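Here is how the chains run, residue by residue.
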Amino acid sequence: MSKCGELTTGFLRKLGRKKAIPKDVMETPLKRCLTTSHLVFLGIGQMAGAGMYIMTGVVAKQHAGPATFLSYIIAGFVSFLSAMCYAEFAARVPRAGSSYSYAYVTVGEFIAFVIGWNILLEHCIGGASTARAWSGSFDTLFGNVIRNWTLEHASFQGQPSWLAQYPDFIAPLFLIILCIAVAFGAKTSVNINMVVAVTNIIFTILISVLGYYYAKPENWTSVPFAPNGVGGVVVGASMCVYAYIGIDGISVAGEEAKSPTKSIPRANTIALIVVTVMYVAMSLALVLVVPYTSLSMSAPFAEAFDSLGHRWIKTIVIVGTLIAITCTTLGHTFSAPRTMYAMAGDGVIFRFISYVNPRTQTPLVAVLIFLIIAAVLTVLFNLEQLANMSSIGTILTFFGVSACVIVLRYQPRQGECTDETQLVDNATDNDQKSDPDTYEIWNNSGRLKPKFKDFPILKNMAPGSAVVMATGSMSVAMLVLCCVAILGMKHLASGTAWAVLVTIFSVLWLVASFTVLLLHEQDSQITTYKVPFVPLLPSISMLLNMALLLNLEVAVWIRLGVWMTAGFLIYFAYGIHHTFESTNTLTVAQPKNYASMDDSCQNEDRPRSEKGKES
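Residues numbered from 1 in each chain as written. Predicted model: local features only at pLDDT ≥ 70, side-chain atom pairs only at ≥ 80, totals over all residues. Heavy atoms only, no water.

**Q** Give me the overall build of the protein chain: which residues, what numbers.
**A** The number of helices and strands found in the protein chain is 27 helices and zero strands. Looking at the protein chain residue by residue over its 615 residues, the buried ones come to 56%. Restricting to contacts in the protein chain with at least 6 residues of sequence separation, those with at least 24 account for 84%. On the protein chain, roughly 25300 Å² of surface is accessible, and the fraction owed to carbon and sulfur atoms is 66%. (Helix = DSSP H or I, 4+ residues; strand = E, 2+ residues; numbered from the N terminus. Buried < 20%, exposed > 50% of the residue type's maximum accessible area, 1.4 Å probe, protein only. Contact = heavy atoms within 4.5 Å. Areas by Shrake-Rupley, 256 points an atom, 1.4 Å probe, with all protein chains shown as cover.)

Below, the structure is given as structure tokens:
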């Protein structure tokens, strides 16, 4: 091989390095103190906030009209499929970093960095947008006195159009208070979140009841149910997915959960159901109180009741909005530093960010960096610009997790040899040596099923590699199919030859890639939570998330490109040379202090003192 070829091969190997799982996955410098109820309210608090009180008005007025509740149901269904994939990973890899950590274990370092960098985007943008929304709602209580004064004395008028009209100084102060609460420890911040989340649920019920009491059916029946058709409902759903970011927030807390293998799947399910019911109830109430065409996009509920002359209800709504947004912002403030901590601990971003305060057991440097980024965003950008960027990171993350769960389900166990004779010779357990059948089961993952063992081309591929290629191929086929079905809908509807041919080709391509997955054996040794009907459900999740991605505005993709460019500069200048995996080859054979994921997770609920005695 030429020198150039060797360099290229070495570079690609670096991008594909996978992270080995420590033998004791429950051991962590963070404090494991969170129960299922903590995680449920963490998810509810992060999901039922600005999306409910702000995004509902935007979606209803601009896209879905009275059918906004359907947008939330679609977004909730897509998020539920993703939540099941999150739950399997969180049960098997209970570490901070959520989908970033999952991708590092399954598909490799570079894809993991891309996913982790997108998680940081969604939490930083989410924290900034909700803080700005909180500031606006707070100012509403005083007749917008703060806004008017700032516009008069410190406006950005005459500056570039991408800047806000005026700098927001209340939002950064709000973020500072929340960051101080988070810095005192996970349990302190989550307990505060529980109190605020319960209060938020009470206000949601109260506002929904008032909305139905003052409802006017003609506000629904006298206007088109879906003014922009199915497309408007789907576009609304792509924006509403941002509201379900709490799924990732729950999983991010996996390294601080007492029993992550049980509590994270339960918390995801309970939080999703509760939040979807809340969103549907609130969106229905809103379009029944006033016509959707007259809704305010900045304060839809408050202005709707105010237009009816019920100012006392407006005050209740504003207080409820402040409580809900506090929940959401606290969730972002909690989750973003944990993701930074995980990435810095692996070395893909600067290692000093992973510093954990020994007294509070929280990543203080990461909290400070999040505060600086989010505060700068709140000062410079308005709510609409921030909100438009929020959904793309969430949807990309959901897509990545769904793809990774397919790859992981078909991957050989870490540390196994592909040659069964060599595996027996290298075994250290006498009982396993005496039972060859153990190795047959242990070594089946990613291999062709017996009846297809002589399938052309596939029979010569290493276990699991065909599944990785098929999943990637399926992703490209979904992209092509969704591009034609969404961006080229007019040509497809009119029967244009190229559109029809491309659609047929992409469907056949998708079916062929999916069939390759079905020809292979899945991991039969998983003892923790498993997503049912793999690879079907994760594939459906991938397809739906791809469809939502292509409904986002072009400007959103441009801003994402700027963010990713900054990330690639950090990774290729620093991360690729400083990761733990760059000095330890752990993807083929593991040292003795590493084990398979399920071996290390089976006893994760045992007291740590017992583990210490054994060691």
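After that view of the structure, there is still more to cover.
**Q** An account of the packing of helix H8 (residues 170-183) against helix H16 (residues 364-380) is needed here, citing residue identities and associated values.
**A** Remark: H8 packs on H16, axes separated minimally by 9 Å, with the N-to-C direction vectors making an angle of 165°. With respect to H16, the axis of H8 lies roughly antiparallel. With respect to the hand of their crossing, H8 and H16 are arranged in right-handed fashion. Across the interface between the two elements, Ala171, Pro172, Leu175, Ile176, Cys179, Val182 and Ala183 from H8 touch Leu364, Val367, Phe370, Leu371, Ala374, Ala375, Thr378 and Val379 from H16. (Axes fitted to C-alpha atoms, helices over the stretch in contact; angles between N-to-C directions. Parallel < 35°, antiparallel > 145°, perpendicular 65-115°, else oblique. Left-handed = near helix turned anticlockwise from the far one by under 90°.)

**Q** Talk me through the packing of helix H13 (residues 260-289) against helix H14 (residues 300-307); I want residue IDs and the actual numbers.
**A** One can describe the packing of H13 onto H14 by two numbers: an axis separation of 10 Å at closest approach and a directional angle of 35°. Here H13 runs over H14; the crossing is left-handed. In contact with Met282, Leu286 and Val289 of H13, H14 contributes Pro300, Phe301, Ala304 and Phe305. When grouped by side-chain class, the residues that make up the contact of H13 with H14 number seven nonpolar, no polar and no charged. (Nonpolar A, V, L, I, M, F, W, Y, C, P; charged D, E, K, R; others polar.)

**Q** Can you lay out the pattern of salt bridges for me, pointing to particular residues and giving the numbers?
**A** Under the counting rule described, the total for this entry stands at six salt bridges. Salt-bridge contacts for Glu109 lead to Arg17; the nearest nitrogen and oxygen are separated by 2.7 Å. In this pair, Glu109 is assigned in helix H6 (residues 109-140) and Arg17 in the loop between helix H1 (3-15) and helix H2 (36-47), connecting sequence segments 92 residues apart. For the pair shown, Glu109 and Arg17 are each scored as buried. Arg311 is paired through a salt bridge with Asp306; the nearest N and O atoms lie 3.2 Å apart. Under the relative-accessibility criterion, Arg311 is labelled exposed at 58%. Residue Asp306 is classed as buried on the basis of its relative accessible area, which comes to 17%. Through salt bridges with shared partners, a single ionic network connects Glu303, Asp306, Arg311 and Lys314. (Salt bridge = Lys/Arg side-chain N within 4 Å of Asp/Glu carboxyl O.)

**Q** Tell me about the nonpolar core, and name the residues and values.
**A** Of all hydrophobic cores here, the largest spans 161 residues; its most connected members are Leu39, Tyr53, Tyr100, Tyr244, Ile406, Met474 and Leu517. When residues in this core are grouped by element, the largest group, 15 residues, is from helix H15 (residues 311-346). Discounting chain neighbours no more than four positions away, the residues touching Tyr244 are Met47, Tyr72, Ala75, Gly76, Ser79, Leu272, Val275, Thr276, Tyr279 and Phe398. (Core = buried A, V, L, I, M, F, W, Y, C linked by side-chain atoms within 4.5 Å.)

**Q** Residues and numbers for the packing of aromatic side chains, please.
**A** Within the structure shown, the criterion is met by 21 aromatic pairs. Here Phe113 and Trp117 contribute two aromatic rings whose centre-to-centre distance is 5.6 Å and whose plane-to-plane angle is 20°, an arrangement assigned as stacked. Of this pair, Phe113 and Trp117 both sit in helix H6, four residues apart, which is roughly one turn of the helix. Judged on exposure class, the residue Phe113 and its partner Trp117 are both buried. Linked through ring pairs, Phe110, Phe113, Trp117, Trp563, Phe568, Tyr571 and Phe572 together constitute an aromatic cluster. Across the ring face of Phe334, the terminal group of Arg338 is positioned such that the distance to the ring centre comes to 4.0 Å. (Phe/Tyr/Trp six-rings, centres within 6.5 Å; stacked < 30°, edge-to-face > 60°. Lys NZ or Arg CZ within 6 Å of the ring centre and 35° of its normal.)

**Q** Before we move on, can you summarise a nonpolar patch on the surface with the specific residues and values?
**A** On the surface, a nonpolar cluster with roughly 390 Å² of combined accessible area is contributed by Leu173, Ile176, Ile180 and Phe184. Of note, Ile180 is situated in helix H8. Take Ile180: its relative accessible area is 47%, and that puts it in the partly exposed class. (Patch = residues over 30% accessible without salt bridge, like charges linked within 9 Å, V, L, I, M, F, W, Y side chains within 5 Å.)

**Q** Residue-level account of unusual backbone geometry, with values.
**A** Cis geometry marks the peptide bond from Val534 to Pro535, where omega comes out at 15°. Along the polypeptide, Pro535 turns up in the loop between helix H23 (497-518) and helix H24 (536-549). Non-glycine residue Ile457 carries a positive phi angle of around 70°. Inspection of the secondary structure assignment puts Ile457 in the loop between helix H20 (436-442) and helix H21 (465-487). Using a relative accessible area of 65% as the deciding quantity, one classes Ile457 as exposed.

**Q** Summarise the side chain of His123; cite the residues concerned and give the values.
**A** With respect to the helices, strands and loops of the structure, His123 is situated in helix H6. Under the relative-accessibility criterion, His123 is labelled buried at 0%. Every residue in contact with His123, bar those within four places of it in the chain, is listed here: Gln46, Ile245, Asp248, His332, Ser335, Ala336, Thr339 and Phe370.

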